[in-house]
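What follows is each chain in one-letter form.
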Amino acid sequence: MLITLKDGQREFPDGMNALDIAGQLSQDLKKAALAARVDGEVTSLVAPIAKDSALEILTFADDDAKRVLRHTASHVLAQAVKKLVPGAKLAIGPAIDNGFYYDFDVAEPFTPEFLKEVEKEMQRIVKKNDRLERFELPRAEAIAFMQEKNEPYKVELINDLPEDAIISFYKQGDFTDLCAGPHVPSTGKVKAFKLTSIAGAYWRGSEKNKMLQRIYGTAFVSQEELDAYLARIEEAKKRDHRRLGRELDLFDVQDEGPGFPFFYPKGMVIRNQLENYWREIHHKAGYDEIKTPIILSRSLWERSGHWDHYRDNMYFTKIDDGDYAVKPMNCPGGILAYRRTMRSYRELPTRCGELGLVHRHELSGALHGLMRVRCFTQDDAHLFMTPDQIRDEIKGVYALINGVYTMFGFPYHVELSTRPENSVGTDEMWEVATRGLQGALDDLGVEYTVNEGDGAFYGPKIDFHLEDSLGRSWQCGTIQLDLNMPELFDLTYTGPDGEKHRPVMIHRVVYGSVERFMAILTEHFGGAFPLWLAPVQVKVLTITDRADAFATSVQKQLDDAGFRAELDLRNEKIGFKVREAQMAKIPYMFVIGDKEVEDGMVNVRTRKGETLGSLPLADVLSMLKEEVDTKSIK
RNA sequence: GCCAAUAUAGCUCAGUCGGUAGAGCAGCAGUUUCGUAAACUGCAGGUCAAGGGUUCGAUUCCCUUUAUUGGCUCCA
């Protein structure tokens, strides 16, 4: 058979497997090989290749090979747990980004000490280097096999496989698991691994099901790589916004208000800068700004559908004898603002923004720093338009969001979320709305994944996800197309024909929530905010008190020029003052000593440790102004 | 909300096999006037998360509650 390799074609005997082919190419490759990609499909190294094919030998550098190795590691984990707790029932154990997990149903929850034992047992299994052998069974036999092993979850999984599915198993030593594969050839390939945590997880992800015990771990081909990975995680934790928020005195959440964050003076500077920027770009994009009340009557929420579909997440209050709710979303307010007057088609589209403070009762276990809180400010806007304006408006919003994320240098991914179970409106409305969003994304040529059933209760949405320092993804921007609320509130505009028509509504946010966005921002920049956002932009440091007068006048000039500058006249050594400014991640330090006083210059140091030397203040000011005005993220 | 872990000074963490606690940093007070990431000395700082139980005695052991962390679920 003719095998096409990445650097040319070669003839090999029919039925030869990828591992042996690798061996003929180089012994090093054979040793490093974990899996193969045959005609684009990831397969086991030991699967015979029957015909002319394109072949890639995959080593750990390849993401698919990482998954194969980690999947095998999850089997090793399951084998070890079964050995130590024979009564444990196996659920599922896939590879995930950066690692793997396996779910078990056990009578007693796992403990951290137990993990140590499991790791030891896994070492033994890896050392034995058992081959992983694949075999298939017909459906009935597969079920009988797992029934006999007393693995009810596996039986359920097999029952749910499509009729024509090939049901395969992998056997290593005395352990066999239902698995589609592929795997590495033998357990010895799992050279370096670590079990990282224990967690509860619902069977099949539904809180209606039993909670199983999940063990998370990760695996690499060498101890060095594992150590490097663990060191990277430790490093990433230093960027955690909860930690930086406290260290840099920006914000925090206190026990007295779980999920209700505090913002301190330095944090407010960042927040206000973000809001100023937001107003600026929205003004340019043709938006007006409004503010609607935080508390509104119960009847409004009943009409909007929130009472039926969102009540569990809402806070309520009583005023005199009336029932009121604290708003969990801004849309009903935005709708009342639209509805206050007769609208003509000539006014459409209307774009009305609101930095709206909303409160939502999130589950206590879901709270996470500023990322998930119980009160937050959405940089919301509601657009009302005629149906034929939908695509252009969606594109306009997309451009706005893309522009902001790109300006900050944030990579993001896009998801399209469709109709959830608990929703309002007719099938037709949902169909039209979903097609509208999809059409706009396709027009723009945007890559996206579809998230079935994850839309808002009133409409489908396009979600923008950003990543935190540990690679966890958080939804920030969203564009939601809504045909339902206009119906529920009987919104109209007068068309050119003089008749009343129903407008279409778009709900959208750019930052998502100002709080979450600040968290992402903090982690992304590791607390070293770009100059335009930095709470303190310049710190003026004196070397001796002979420089006090000049330093004070420098600070005054900075202040007059609109910069946020602080003065450090303390009787401390310059090295100490620099260190403190450095740790506060202040972008620029102006060092002033006898020399500078004499020359009338400032000696500029950046937080990156560069010393720019003595410069005339006027020159430095125009340089900094340029950096602020362009919102440079250097 | 569910599973698990954790909670000691402003922060990071020791410690007590049950006899009411300690370090570094930060803070404060002195001394030091010094050239780009840590001067020196001293002082002060804690209901050991909260409530209950066991005990002669609980910060330590047990229970409950609260909060936090990592997941699950949910979501901006």
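Remember, it's a predicted structure, so these values are computed and weren't measured experimentally. (Residues numbered from 1 in each chain as written. Chains lettered and ligands numbered in written order. Predicted model: local features only at pLDDT ≥ 70, side-chain atom pairs only at ≥ 80, totals over all residues. Heavy atoms only, no water.)

Peer 1: Explain the overall build of chain A to me, please; I cannot follow it from the model alone.
Peer 2: If you tally the helices and strands in chain A, you get 20 helices and 33 strands. The principal-axis extent of the C-alpha atoms belonging to chain A is close to 80 × 75 × 55 Å. In chain A, once contacts between residues fewer than 6 apart in sequence are set aside, the share between residues at least 24 apart is 69%. Carbon and sulfur atoms form 50% of the exposed surface of chain A, whose accessible area is close to 30,100 Å². Looking at chain A, you have 81 positive and 99 negative side-chain charges, and the mean spots of the two groups are 3 Å apart. (Helix = DSSP H or I, 4+ residues; strand = E, 2+ residues; numbered from the N terminus. Contact = heavy atoms within 4.5 Å. Areas by Shrake-Rupley, 256 points an atom, 1.4 Å probe, with all protein chains shown as cover. Lys, Arg positive; Asp, Glu negative; His and termini not counted. Charge placed at Lys NZ, Arg CZ, Asp CG, Glu CD.)

Peer 1: Would you mind going over unusual backbone geometry with me for this structure?
Peer 2: A negative phi holds for most residues other than glycine; trans holds for most peptide bonds. Of note, the bond from L348 into P349 is cis; its omega dihedral lies within 30 degrees of zero at -5°. Tracing the sequence through the fold places P349 in the loop between helix 12 (331–339) and strand 20 (350–359). One non-glycine residue, D320, adopts positive backbone phi at about 50°. Of note, K631 is a non-glycine position whose phi angle comes to about 50°, a positive value. Tracing the chain through its elements places K631 in the segment after helix 20 (617–629).

Peer 1: Even after reading the chapter, I still don't get the pairing of strand 28 (residues 504–513), so can you show me in this structure?
Peer 2: If a strand is regular, its side chains alternate between the two faces of the sheet. Burial of strand 28 is extensive: 10 of the 10 residues sit out of reach of the surface. Where strand 21 (residues 375–385) lies against strand 28, 7 bridges are found, and the strand directions are antiparallel. Bridge pairing in strand 28 links A381 to R508. Summarising the sheet, strand 25 (residues 473–482) and strand 28 pair through 5 bridges and their orientation is antiparallel. Bridge pairing in strand 28 links Q480 to H507. (Buried < 20%, exposed > 50% of the residue type's maximum accessible area, 1.4 Å probe, protein only. Pairing = 2+ DSSP bridges.)

Peer 1: Just to check I follow, could you spell out helix 1 (residues 18–25) for this structure?
Peer 2: Given 3.6 residues per turn, any residue in an α-helix points the same way as the ones three and four places further on. Turning to helix 1, its buried residues are A18, L19, I21, A22 and G23. One side-chain oxygen at the N-terminal end of helix 1 lies 3.0 Å from the backbone nitrogen of L19; it belongs to N17. (Polar contact = N/O pair within 3.5 Å; in protein donor to acceptor, adjacent residues only side chain to side chain.)

Peer 1: Teacher, can you tell me more about the packing of aromatic side chains here?
Peer 2: The geometry of an aromatic ring pair is captured by the separation of the ring centres together with the interplanar angle, meaning the angle of the planes. Evaluation of the coordinates by the stated rule reveals 28 aromatic pairs. Between Y405 and F517, the aromatic rings sit 6.1 Å apart at their centres with planes inclined by 25°, giving stacked as the arrangement. Taken together, the residues Y405 in helix 13 (residues 390–408) and F517 in helix 16 (residues 514–524) connect sequence positions 112 residues apart. Clustering of aromatic rings is evident, with ring pairs tying together Y277, Y398, Y405, F408, F410, Y412, F464, Y511, F517, F525 and W532. (Phe/Tyr/Trp six-rings, centres within 6.5 Å; stacked < 30°, edge-to-face > 60°.)

Peer 1: Mind showing me how you'd approach helix 5 (residues 139–148) here?
Peer 2: Within the span of helix 5, buried status applies to A142, I143 and M146. Each buried residue of helix 5 lies within a common arc of 95° when the element is viewed along its axis, so the set occupies one face. Turned more than 90 degrees off the buried face of helix 5, the exposed positions are A140, Q147 and E148. If you follow the buried residues of helix 5, they end up packed against helix 6 (152–160), strand 10 (168–172) and strand 11 (175–178). Positive phi appears at N150, one or two residues downstream of helix 5, with a value of about 60°. (Arc of directions from axis to C-beta.)

Peer 1: What's the story with the side chain of D130 in this structure? I'm lost.
Peer 2: Relative to the elements of secondary structure, D130 occurs in the loop between helix 4 (112–128) and strand 9 (132–136). In this view, D130 contacts I125, Q172, G173, P185, S186 and T187; residues no more than four positions away in its chain are not counted.

Peer 1: How do you make sense of the layout of surface pockets when you look at a structure like this?
Peer 2: Left-over empty space is what a probe sized like a water molecule reveals as it rolls over the atoms. What the second largest pocket holds in volume is close to 970 Å³. If you go around the second largest pocket, you meet 27 residues; those closest to its centre are D97, N98, Y229, I233 and L470. Going through the elements one at a time, strand 8 (99–105), strand 12 (192–202), strand 13 (211–220) and helix 7 (223–237) are the ones with two or more residues in the lining of the second largest pocket. Among the residues making up the lining of the second largest pocket, the classes are represented as 8 nonpolar, 10 polar and 9 charged. (1 Å grid on protein atoms, 1.4 Å probe; cavity = no way out; pocket = protein on both sides within 12 Å on 5 of 7 lines; lining within 4 Å. Points joined across faces, edges and corners; volume = space filled by probe spheres on them. Nonpolar A, V, L, I, M, F, W, Y, C, P; charged D, E, K, R; others polar.)

Peer 1: For this particular structure, what's the right way to read the protein's contact with RNA strand B?
Peer 2: Taken together, the neighbourhood of RNA strand B is formed by 59 residues, with D255, S364, K461, N571 and R579 sitting nearest. A share of 50% is what sugar and phosphate atoms reach among the atoms of RNA strand B within 4 Å of the protein. Measuring from a base oxygen of RNA strand B, one finds a backbone N or O atom of G200 at 3.1 Å. One nitrogen or oxygen atom from the side chain of E596 is found 2.8 Å from a base nitrogen belonging to RNA strand B. (Near = heavy atom within 4 Å.)

Peer 1: Looking at this structure, I do not really get the state of the cysteines. What am I missing?
Peer 2: Working definition of a disulfide: a covalent bond connecting the sulfur atoms of two cysteines. Across all of its chains, the model carries 0 disulfides by this definition. Lacking any disulfide linkage, C331 is separated from the closest cysteine sulfur, that of C352, by 13 Å. (Disulfide = S-S within 2.5 Å.)

Peer 1: Please clarify how the sheet that holds strand 25 should be interpreted in this entry.
Peer 2: Sheets are built from strands that pair by backbone hydrogen bonding, the pairs being arranged parallel or antiparallel. Within the open sheet, the 8 strands sit side by side as 16-20-21-28-25-24-22-23. Their pairing is mixed. Where the open sheet ends on each side, the last strands, each with one partner, are strand 16 (288–289) and strand 23 (448–451). Where strand 22 (residues 413–417) meets strand 24 (residues 461–467), 5 bridges bridge the pair, whose relative direction is antiparallel. Its bridge partner being in strand 24, E415 is matched across the sheet by D463. Helix 9 (residues 265–284) rests against strand 16, strand 20, strand 21 and strand 28 of the sheet, and its axis sits at about 145° to strand 28. (Axes fitted to C-alpha atoms, helices over the stretch in contact; angles between N-to-C directions.)

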